[in-house]
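Read off the chains here:
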Amino acid sequence: MWKVAAWNVNSVKARLDRLLAFLERENPDVVLLQELKCEEPNFPYEGIGNLGYSAAVFGQKAYNGVAIVSKEPATDIVRGFGDGGLDEARFISATVQGVRVASAYIPNGQAVGAEKYHYKLEWLARLRRHLGAHYQSNQKFLLGGDFNVAPEDRDVHDPEAWRGQILFSDPERAALRDVCGFGLDDTFRKHHGEAGHFSWWDYRMLGFPKNRGLRIDFLLATPPLMEACHSARIDRDERKGTLPSDHAPVIAEFKL
DNA sequence: ATGGCTACGATCCGTAGA
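Residues numbered from 1 in each chain as written. Chains lettered and ligands numbered in written order. Predicted model: local features only at pLDDT ≥ 70, side-chain atom pairs only at ≥ 80, totals over all residues. Heavy atoms only, no water.

Colleague: Help me understand the nonpolar core, please; the structure alone is not making it clear to me.
Modeller: Where a protein is soluble and globular, its nonpolar side chains tend to be buried together. Counting residues in each nonpolar core, the largest one holds 34 residues, and the members touching the most others are Trp2, Ile68, Leu142 and Phe254. The residues contacting Phe254, other than those within four sequence positions of it, are Met1, Trp2, Val4, Leu142, Thr187, Leu225, Ala228, Cys229 and His230. Within the second largest apolar cluster, 21 residues are counted, among which are Ala102, Leu124, Phe141 and Leu143. (Core = buried A, V, L, I, M, F, W, Y, C linked by side-chain atoms within 4.5 Å. Buried < 20%, exposed > 50% of the residue type's maximum accessible area, 1.4 Å probe, protein only. Contact = heavy atoms within 4.5 Å.)

Right, dumping it as structure tokens:
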């Protein structure tokens, strides 16, 4: 089985012990990381290297930062959308074991109507254009990461409270559907249809103990890869204990 | 216990996340 995870670690430096423990515990073939919050030279190459992993990294100081951690070294690494524009470190793609994979950290948006909200919607539109220009949905392609959008009511602990709010507004959800319209489906929903599964809980207000969460982190796959997907889950236990990330890893297994 | 945020970068608080 080919095992892949996507995880917003909220600082790879602050979460290094947990990342290494995750690699040892889960033994994934690929981990798509978001929110490294470090520049590329400061990525913990040595720590993951001791466990047999290498990484393709697109970092920046203090904010954002994405990586593709893999047992088999990634090739044909592209940082950003490859269109020459100056970018925040939010997208990286590479080939691992013959499969094209990408790690994405979609902008948060801050608040509906804010400048960052419009940036978020434009970023999602740009992602959709990038996919159409560089990929084909009849080929195996995996897009994982923190999308900062909850797709449906069943992905939100209190849909009526969140309706129209940031992370759950109609334009954000439409923009995510448009990205998936390229030919991507949610590996988690292939295997679990019920409500109440979340990947993020606010650090504040007892979000996790009260299970007030959202499902905003996904592993999205094209049809040929979706057919090969045998299981998917969210590693909710990773959110427990001392100083967790506010996001839990999402995991999927494929029979390539 | 799964418990009232956390990380960063610049100072001893402000900004950002979602």
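Colleague: Honestly, the packing of aromatic side chains in this entry has me stumped. Any pointers?
Modeller: Pairs of aromatic rings are described using the distance from one ring centre to the other and the angle between the two planes. Within this structure, the stated rule accounts for eight aromatic pairs. Ring geometry for Phe81 versus Phe91: centroids 4.8 Å apart, planes at 35°, classification tilted. Taken as a pair, Phe81 in the loop between β5 (75–79) and β6 (91–96) and Phe91 in strand β6 lie far apart in primary sequence, 10 residues in all. Accessibility expressed as a relative area gives 3% for Phe81, which makes it buried. With centroids separated by 5.2 Å and ring planes inclined at 50°, the aromatic side chains of Phe81 and Trp123 adopt a geometry described as tilted. Here Trp123 lies in helix α3 (residues 115–134) and Phe81 lies in the loop between β5 and β6, a separation of 42 residues in the sequence. Note on accessibility: Phe81 and Trp123 belong to one class, buried. (Phe/Tyr/Trp six-rings, centres within 6.5 Å; stacked < 30°, edge-to-face > 60°. Helix = DSSP H or I, 4+ residues; strand = E, 2+ residues; numbered from the N terminus.)

Colleague: Explain the protein's contact with DNA strand B here, please?
Modeller: Around DNA strand B sit 27 residues, and of these Ser11, Glu35, Tyr105, Asn108 and Arg204 come closest. Sugar and phosphate atoms represent 69% of those atoms of DNA strand B found within 4 Å of the protein. At 2.7 Å, a side-chain N or O of Asn108 approaches a base nitrogen of DNA strand B. Asn148 has a polar side-chain atom sitting 3.1 Å from a phosphate oxygen of DNA strand B. Broken down by class, the residue content of the surface near DNA strand B amounts to 13 nonpolar, seven polar and seven charged. (Near = heavy atom within 4 Å. Polar contact = N/O pair within 3.5 Å; in protein donor to acceptor, adjacent residues only side chain to side chain. Nonpolar A, V, L, I, M, F, W, Y, C, P; charged D, E, K, R; others polar.)

Colleague: When you look at the sheet that holds strand β3 (residues 54–58) in this model, what are you seeing that I'm missing?
Modeller: Sheet strands pair via backbone hydrogen bonds, and the direction of the pair is either parallel or antiparallel. Across the sheet, which stays open at both edges, the six strands sit in the order β3-β4-β2-β1-β14-β13 with mixed pairing between neighbours. Since the sheet does not close on itself, it has two edges, and those belong to β3 and β13 (229–234), each with one partner. Neighbouring strand axes in the sheet, compared pairwise and without regard to direction, differ in orientation by 15° on average. By the bridge criterion, five bridges tie β13 to strand β14 (residues 250–254) in an arrangement that is antiparallel. Note that in β14 the partner of Ala232 across the bridge is Ala252. Sitting on the sheet, helix α1 (residues 16–26) is in contact with β1 (2–8), β2 (30–34), β13 and β14, with an inclination near 160° to β1. (Pairing = 2+ DSSP bridges. Axes fitted to C-alpha atoms, helices over the stretch in contact; angles between N-to-C directions.)

Colleague: Quick question: what am I supposed to make of unusual backbone geometry here?
Modeller: Negative phi characterises most residues that are not glycine, and trans characterises most peptide bonds. With phi around 90°, Ser11 is a residue other than glycine that occupies positive phi space. Residue position: Ser11 is located in the loop between β1 and α1. Even without being a glycine, Asp76 presents a positive backbone phi close to 50°. By secondary structure assignment, the location of Asp76 is in strand β5.

Geometry only, nothing functional implied.
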